Amino acid sequence: MTLLGAAEIRELAQELGIKPAKSLGQNFVIDANVCRKIVRTAGVTSSDVALEIGPGLGSLTLALLEEAKSVIAVEIDERLATRLPETVQKHNESAATFSVIHQDALHLKKLPDAPTVLVANLPYNVSVPVLLHLLEIFPTLKSGVVMVQAEVADRLAAKPGTKEYGIPSVKAAWWADLQSAGSVSRSIFWPVPGVDSKLVSFARHQPLGDEALRLKVFTLIDAAFAQRRKMLRSALSSIYGSSGAAEKVLIEAGIDPTLRGESLLVNDFCTIARIGF
Ligand code: SAM
């Protein structure tokens, strides 16, 4: 299958009257080798139903169609979503099936098939909420690779005790193990973005608890990181009524109340949440 190159991407954009919009994170990949590398890194196979968020002009979509059983793409920009089937028809020589949904991924609730793998060059301004939303609503999504702003990638894959570790790291860890999967040069995009990009891979792990526990854990995480410098007994005082009450729960959970949120694994937040509030 021939993938999209720089010239074809510019031609397509011109034909559609698309001036890449910063507000929608529209930086299109113009390097077919990078698209194939992302799909390889994600380990997509012929039994996978691949979900792509923000297919744009189709650079990554065509690389996914080479490997997956089917590809479902979700695009917010109507002009791009409308044009994509024609681009796919022109290039797709595989047996893979394709569907596109014109929708904001943040409001996505259902898909025509259960997705097994997520592969996306995510729109940068909404990359974390989109990833968390997809992990929450599609439990069949077992793994994936997303391209995000380098700084966001570092936060998603961060481990406790580092300055990058924060709300995105712990919330994503509720569902999956995340890892850095390499850097991507700015020069592979049109237009060239003002920030660096990185790949993050994830593999879903066994559920840590039910939805009721997750909501409690996420409330604790939000409070623990609202003021990073605060000790846990003080950061969680609004939840437990006082820092003394918070301290009692933390001691019962076997967690030092003078620690800060940045020291805790998601499992520690689960232990605290199980004691209740
Ligand atoms: N996948 C293409 C590529 O690699 O060349 C385009 C990636 S571009 C970084 C992000 C894409 O996400 C754009 O096509 C943009 O229109 C789309 N987008 C932005 N916000 C979105 C949202 N909330 N839901 C779905 N698509 C969105």
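Residues numbered from 1 in each chain as written. Predicted model: local features only at pLDDT ≥ 70, side-chain atom pairs only at ≥ 80, totals over all residues. Heavy atoms only, no water.

Student: Can you help me understand the pattern of salt bridges in this one?
Tutor: Should the charged atoms of two oppositely charged side chains come close, the side chains can pair. The tally for this structure, following the rule as stated, stands at 15 salt bridges. Across the salt bridge formed by E66 and R36, the nearest N and O atoms sit 2.7 Å from each other. Here R36 lies in helix α2 (residues 32–41) and E66 lies in helix α3 (residues 59–67), a separation of 30 residues in the sequence. By relative accessible area, which is 24% here, E66 ends up partly exposed. R36 sits in the partly exposed class, given a relative accessible area of 28%. One salt bridge in this structure joins R186 and D196, with 2.7 Å as the shortest N-O distance. With a gap of ten residues between them, R186 in the loop between β7 (176–184) and β8 (189–190) and D196 in the loop between β8 and β9 (197–204) connect regions that are remote in the sequence. In this structure, a network of salt bridges that share partners links the residues E15, R83 and E86. (Salt bridge = Lys/Arg side-chain N within 4 Å of Asp/Glu carboxyl O. Helix = DSSP H or I, 4+ residues; strand = E, 2+ residues; numbered from the N terminus. Buried < 20%, exposed > 50% of the residue type's maximum accessible area, 1.4 Å probe, protein only.)

Student: Explain the packing of aromatic side chains to me, please; I cannot follow it from the model alone.
Tutor: Given two aromatic rings, their pairing is described by the distance between the two centres and the angle made by the two planes. In total, this model carries six aromatic pairs according to the counting rule given. Look at W174 and F218: their rings are 6.5 Å apart centre to centre, the planes differ by 80°, and that puts the pair in the edge-to-face class. Of the two residues, W174 is situated in helix α7 (residues 167–175) and F218 in helix α8 (residues 211–226); the sequence distance between them amounts to 44 residues. When the centroid spacing of 6.4 Å and the interplanar angle of 40° are considered together, the rings of F225 and F269 count as tilted. With F225 in helix α8 and F269 in helix α12 (residues 266–275), the pair connects residues that are 44 residues apart, well separated along the chain. A relative accessible area of 8% places F225 in the buried class. (Phe/Tyr/Trp six-rings, centres within 6.5 Å; stacked < 30°, edge-to-face > 60°.)

Student: Help me understand the nonpolar core in this model?
Tutor: One recurring pattern in soluble globular proteins is that nonpolar side chains are buried together. The biggest cluster of nonpolar side chains holds 57 residues, and the ones touching the most others in it are L51, I53, L118 and V217. The dominant element in this core, judged by the number of residues it contributes, is α8, at eight residues. When residues of this core are assigned to domains, at least three map to each of domain 1 (6–204) and domain 2 (211–275). Formed by 40 residues, the second largest nonpolar core is a distinct cluster that contains L4, A13, I18 and I188. (Core = buried A, V, L, I, M, F, W, Y, C linked by side-chain atoms within 4.5 Å. Domains from an automatic or database assignment.)

Student: Any chance you could explain the environment of L265 here in plain terms?
Tutor: Within the secondary structure, L265 sits in the loop between α11 (243–252) and α12. You can call L265 partly exposed: its relative accessible area is 45%. In this structure the C-alpha to C-alpha distance between L265 and S169, which are 96 residues apart in sequence, comes to 9.5 Å. Every residue in contact with L265, bar those within four places of it in the chain, is listed here: P160, Y165 and V170. (Contact = heavy atoms within 4.5 Å.)

Student: Would you take a moment to explain the side chain of N27 for this structure?
Tutor: Checked against the element boundaries, N27 lands in the loop between α1 (6–16) and β1 (28–29). A polar side-chain atom of N27 sits 2.8 Å from the main-chain carbonyl oxygen of P191. Ignoring sequence-local partners within four residues, the contact set of N27 consists of N121, F189, W190, P191, V192 and P193. (Polar contact = N/O pair within 3.5 Å; in protein donor to acceptor, adjacent residues only side chain to side chain.)

Student: Would you explain the domain arrangement of the chain in this entry?
Tutor: Domain annotation of the chain identifies domain 1 (6–204) and domain 2 (211–275). Counting from both sides, the interface comprises 13 residues of domain 1 and, opposite them, 17 residues of domain 2. At the surface where domain 1 touches domain 2, the tally comes to two salt bridges. Across the salt bridge formed by D222 and K171, the nearest N and O atoms sit 2.8 Å from each other. The tally of links from domain 1 across to domain 2 stands at five residue pairs in polar contact (both at pLDDT 80 or more). Broken down by element, the side of domain 1 that touches domain 2 gets its largest block of residues, six residues, from α7. A breakdown of the residues in the side of domain 1 that touches domain 2 according to their chemical character gives seven nonpolar, three polar and three charged. (Nonpolar A, V, L, I, M, F, W, Y, C, P; charged D, E, K, R; others polar.)

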